Amino acid sequence: MAESEEACMMDIGQHCTHAECKRLDFLPFRCEKCSQVFCQNHRMPASHQCRNATDGSVVIPTCPLCRQPIDFRRSQGQDMNNQVEKHILSGCTALVLTSQKEHSARQRSSRCAYRRCRAIPVVPFWCKDCQKNFCVRHRVAFDHQCAPVTFFPPVTCH
C-alpha cells in the first residue's frame, strides 16, 4: 500500500473525546447533550460524565396568573423565564400546552369529513360548497358526494 493511501485511511473516522480513551473509531457517536464525539464505550452521557446531561426530571413551568402549563423545551435552548414572559405578554394565550384529550379532539376535527374515511390530511382541502375538510382522495365534490349548504335569506314581514 502506498504511503499516500495509508495517510488517507488515517483520515477516516474520529478519535473519542473522552480524556482517558482517545480511540480512533470508524463509526463514532455524537452525544446529543454536549455534541462531542465518542466511541461505543463512551457514547452514553453517563459513561463520559456529560456536563449537559440532566437527571431525567422534567419541569413544566406554569403561569403565575392563569395557572396553565407553558410549552418549554430545554433541548431547543429556550429559557424557562423567557417562555413564561412571552406567555404573559400575549395575554396568557400563547405557548399553552394542550392536554392529550384536547389534542385528540383537534386531531379528530381535522380528519377527512367523508364518512368511513379516517385519513388525517397533511394538507386539508376545504370544500366551498359543503364547508368541510377532505383528504386528497375525497377533495373533489363528486368524490365526497357533496351536498351544498344552502343559505336562505332571512324572511322579513312587511
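Please read these numbers as outputs of a predicted model, since none were measured by experiment.

Describing the overall build of the chain
Looking only at helices and strands, the chain has three helices and six strands in total. If you list the helices and strands of the chain from N to C, you get α-β-β-β-β-α-α-β-β. The burial tally for the chain puts 18% of its 158 residues in the buried class. Contacts spanning at least 24 positions in sequence make up 16% of the contacts within the chain whose residues lie at least 6 apart. Total accessible area on the chain is roughly 12700 Å²; 54% of this is exposed by carbon and sulfur atoms.

A word on the nonpolar core
Ranked by size, the top nonpolar core spans seven residues in total: C112, Y114, C117, C127, C130, F134 and C135. Formed by six residues, the second largest nonpolar core is a distinct cluster that contains C34, F38, C39 and C50.

Considerations on the confidence of the model for the chain
Of all residues in the chain, 74% attain a pLDDT of 70 or more, and the chain-wide mean is 78. Of all helices and strands in the chain, the one with the weakest mean pLDDT is helix α3 (residues 100-109) (57), whereas strand β4 (residues 37-38) scores best (92).

A closer look at the side chain of H138
In this structure, H138 sits in the segment after β6 (133-134). In contact with H138, other than residues within four places in its own chain, are C112, Y114, C117, D143 and H144.

Some details on the packing of aromatic side chains
The final tally for this structure, using the stated rule, is zero aromatic pairs. Between the NZ or CZ atom of R43 and the centre of the ring of F29, over which it lies, the distance is 5.1 Å. Between R139 and the ring centre of F125, over which it is positioned, the NZ or CZ distance is 5.7 Å.

Quick word on unusual backbone geometry
Phi is positive for Q49, close to 50 degrees, though the residue is something other than glycine. With respect to the secondary-structure elements, Q49 resides in the loop between β4 and α2 (80-89). Backbone geometry places Q145, a non-glycine residue, at a positive phi of 45 degrees. By the secondary structure assignment, Q145 is in the segment after β6.

Some words on the environment of C34
Relative to the helices and strands, C34 is located in the loop between β3 (29-30) and β4. A relative accessible area of 11% places C34 in the buried class. The spatial distance from the C-alpha of C34 to the C-alpha of N52 is 5.9 Å, given a sequence separation of 18 residues.

Thoughts on a nonpolar patch on the surface
On the surface, a cluster of nonpolar side chains totalling about 340 Å² of accessible area is made up of I12, F26 and L27. Exposure remark for F26: the relative accessible area of 51% places this residue in the exposed category.

Focus: α2
For α2, the set of buried residues is Q83, V84 and H87. Burial along α2 is one-sided: seen end-on, the buried residues are contained in an arc of 100 degrees. Of the residues in α2, the exposed ones pointing more than 90 degrees away from the buried face are N81 and L89. Positive phi shows up at G91, right after α2, with a value of about 80 degrees.

Calculation rules
- Residues numbered from 1 in each chain as written.
- Predicted model: local features only at pLDDT ≥ 70, side-chain atom pairs only at ≥ 80, totals over all residues.
- Heavy atoms only, no water.
- Helix = DSSP H or I, 4+ residues; strand = E, 2+ residues; numbered from the N terminus.
- Buried < 20%, exposed > 50% of the residue type's maximum accessible area, 1.4 Å probe, protein only.
- Contact = heavy atoms within 4.5 Å.
- Areas by Shrake-Rupley, 256 points an atom, 1.4 Å probe, with all protein chains shown as cover.
- Core = buried A, V, L, I, M, F, W, Y, C linked by side-chain atoms within 4.5 Å.
- pLDDT = per-residue confidence, 0-100.
- Phe/Tyr/Trp six-rings, centres within 6.5 Å; stacked < 30°, edge-to-face > 60°.
- Lys NZ or Arg CZ within 6 Å of the ring centre and 35° of its normal.
- Patch = residues over 30% accessible without salt bridge, like charges linked within 9 Å, V, L, I, M, F, W, Y side chains within 5 Å.
- Salt bridge = Lys/Arg side-chain N within 4 Å of Asp/Glu carboxyl O.
- Arc of directions from axis to C-beta.

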